[in-house]
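Okay, here's what each chain looks like letter by letter:
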Amino acid sequence: MKQHFASDNYAGLCPEALHYFLEANASGHEPAYGDDYWTGEVCERLRDLFQTDCQVFFVFNGTAANSLALASLCQSYHSVICHELAHIETDECGGPEFFSNGSKLLIGRSPDGKLTPDIVEALVTRRTDLHYPRPRVVSLTQSTEVGTVYTVEEVRAIAAIAKRRHLRVHMDGARFANAVAALNVHPSEITWRAGVDVLCFGGTKNGLPVGEAVVFFDEAMAEDFAWRVKQAGQLASKMRFISAPWLGLLNNDVWLKNARHANAMASLLHERIRELPGVRIMFPPQANAVFAELPAPVIRGLHNKGWKFYQFIGEGGCRLMCAWDTQPETVEAFARDLAELTGPASVASA
Ligand SMILES: *Cc1c(COP(=O)(O)O)cnc(C)c1O
């Protein structure tokens, strides 16, 4: 089977998700727009999972989940504090600003993709006059865009500053499962128990065909969200096909099994390549990604051998992303090709 390290969304559906996709199809006619059995069941199961009475909505993708969640927390004159590498800043084509009618993103910088209480505090206090958009939300990505993970204490500390400064806390959890698996904590511990108000819980990268859950831990913030989703063109009429596959992830903790596997494959990849000559690991690989700086001829060599991966961070930074189905053999084959390209023979012939 041909596999790549470009993104965890290169992978297909996990069998458990596919099973419920087909089950939903076999259930005959069902009410549309989320009034079906499957959607109700998955919402209940997510409330069980988080051990709280949260409000759950389904949208097609992560950009919509983040943009609409943030828009529901902000007025147009507000701002959202996030890391400079945050997906909402770098990869959503201005979606959060568009859907919030102009809320500005305020960017924090750090070497590991994570905000800190100090960064948040500095951004909140930098300007308080009415000529500057008023900070209203802090957005954390868990796990981060560079494959690092906020600890429970780190989320708590940021949420504590947020509370003191009257900010709401949004979590971009496109890879939430990978973070929970890496930390080995209960999902409530890094969300509402730590002070997170809204979680965009990613399913796509964890093995679903499509669809993310927007989970509001504060019911008041979810008011009108259903209308926002509909207006944005994100309300699936046959919603059961987005919701039902979640049962495949939630039963028997398949979402964690998938995430643990992806994380383990990233660890294996890291182990295999970190000491090769010319390879510099850029971030501690705490979830399912390994970032490596490689010499340009080596990158060309890998591409020539048919490997696909992204190089969007800096010059020569390669992101190697593992998925729920990444085979150890794929990791070994990639590492072998990389070793060959960085080895003494290739240096001598270069
Ligand atoms: C993949 C991803 C998303 C969602 O992206 P879509 O392509 O819109 O589904 C959001 N945040 C992060 C950090 C991601 O990696």
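Residues numbered from 1 in each chain as written. Predicted model: local features only at pLDDT ≥ 70, side-chain atom pairs only at ≥ 80, totals over all residues. Heavy atoms only, no water.

A. Up close: the nonpolar core. Grouped together as the largest cluster of nonpolar side chains are 60 residues, with contacts concentrated most on Leu 46, Phe 58, Val 138, Phe 201 and Trp 255. For this core, the leading source of residues is helix H10 (residues 240-250), giving seven residues. Leaving out residues up to four positions away in the same chain, Leu 46 has contacts with Cys 54, Val 56, Phe 58, Phe 201, Ala 213 and Leu 250. (Core = buried A, V, L, I, M, F, W, Y, C linked by side-chain atoms within 4.5 Å. Buried < 20%, exposed > 50% of the residue type's maximum accessible area, 1.4 Å probe, protein only. Helix = DSSP H or I, 4+ residues; strand = E, 2+ residues; numbered from the N terminus. Contact = heavy atoms within 4.5 Å.)

B. The arrangement of unusual backbone geometry in detail. Cis geometry marks the peptide bond from Gln 142 to Ser 143; its omega dihedral reads -10°. Counting through the fold element by element, Ser 143 comes out in the loop between strand S4 (134-141) and helix H7 (152-164). Positive phi is not limited to glycine here, since Cys 93 has a value of about 55°.

C. Local environment of the packing of aromatic side chains. Under the counting rule described, the total for this entry stands at 20 aromatic pairs. Judged by centre distance (5.0 Å) and plane angle (70°), the ring pair of Phe 201 and Trp 246 falls under edge-to-face. Taken together, the positions of Phe 201 in strand S6 (residues 198-202) and Trp 246 in helix H10 put the pair 45 residues apart, joining distant regions of the chain. Residue Phe 201 shares its accessibility class with Trp 246, and that shared class is buried. Feature note: the residues Phe 50, Phe 58, Phe 176, Phe 201, Phe 217, Trp 246 and Trp 255 constitute an aromatic cluster, connected by ring pairs. We note Lys 2 situated over the ring of Trp 307; from NZ or CZ to the ring centre the distance is 4.5 Å. It is Lys 114 that lies over the ring of Tyr 150; its NZ or CZ is 5.8 Å from the centre. (Phe/Tyr/Trp six-rings, centres within 6.5 Å; stacked < 30°, edge-to-face > 60°. Lys NZ or Arg CZ within 6 Å of the ring centre and 35° of its normal.)

D. Spatial organisation of the site of the ligand. Near the ligand you find Asn 61, Gly 62, Thr 63, Asn 66, His 87, Glu 92, Thr 141, Glu 145, Asp 172, Ala 174, Arg 175 and Lys 205, and these make up its full shell. Within the backbone of Gly 62, an N or O atom sits 2.9 Å from an oxygen atom of the ligand. When the ligand sits alone it has 380 Å² of accessible area, and the protein chains cover 82% of it. For the shell around the ligand, the element with the highest residue contribution is helix H3 (residues 62-73), accounting for three residues. Looking at the shell around the ligand, its residues break down into one nonpolar, six polar and five charged. (Near = heavy atom within 4 Å. Polar contact = N/O pair within 3.5 Å; in protein donor to acceptor, adjacent residues only side chain to side chain. Areas by Shrake-Rupley, 256 points an atom, 1.4 Å probe, with all protein chains shown as cover. Nonpolar A, V, L, I, M, F, W, Y, C, P; charged D, E, K, R; others polar.)

E. Region of the structure containing the pairing of strand S5 (residues 168-173). Most of S5 sits out of view: five of its six residues are buried. With five bridges joining them, S4 and S5 adopt parallel strand pairing. Within the sheet, the bridge partner assigned to Thr 141 lies in S5 and is Asp 172. With H7 bridging S4 and the parallel S5, this β-α-β connection has right-handed handedness. Taken together, the four bridges between S5 and S6 define a ladder with parallel strand orientation. (Pairing = 2+ DSSP bridges. Right-handed = clockwise from strand over helix to strand, strands pointing away.)

F. Layout of the domain arrangement of the protein. We note that the domain assignment places domain 1 (13-253) and domain 2 (254-340) within the protein. Computed from C-alpha coordinates alone, the two centres of domain 1 and domain 2 are separated by 27 Å. Counting from both sides, the interface comprises 31 residues of domain 1 and, opposite them, 21 residues of domain 2. Buried surface at the junction of domain 1 and domain 2, summed over both partners, amounts to about 2100 Å²; 60% is from carbon and sulfur atoms. When residues of domain 1 are sorted by the area they lose upon contact with domain 2, Val 146, Asn 178 and Asp 253 head the list and together hold 24% of the total. Scanning the region where domain 1 abuts domain 2 turns up one salt bridge. The partner of Lys 257 in a salt bridge is Glu 16, with the nearest N and O atoms 3.3 Å apart. Taken together, the connections running from domain 1 to domain 2 amount to 14 residue pairs in polar contact (both at pLDDT 80 or more). For the side of domain 1 that touches domain 2, the secondary-structure elements that each account for two or more residues are helix H1 (15-26), helix H8 (176-183) and H10. Per-element accounting of the side of domain 1 that touches domain 2 gives the leading share, six residues, to H8. (Domains from an automatic or database assignment. Buried area = accessible area lost by both parts, 1.4 Å probe. Salt bridge = Lys/Arg side-chain N within 4 Å of Asp/Glu carboxyl O.)

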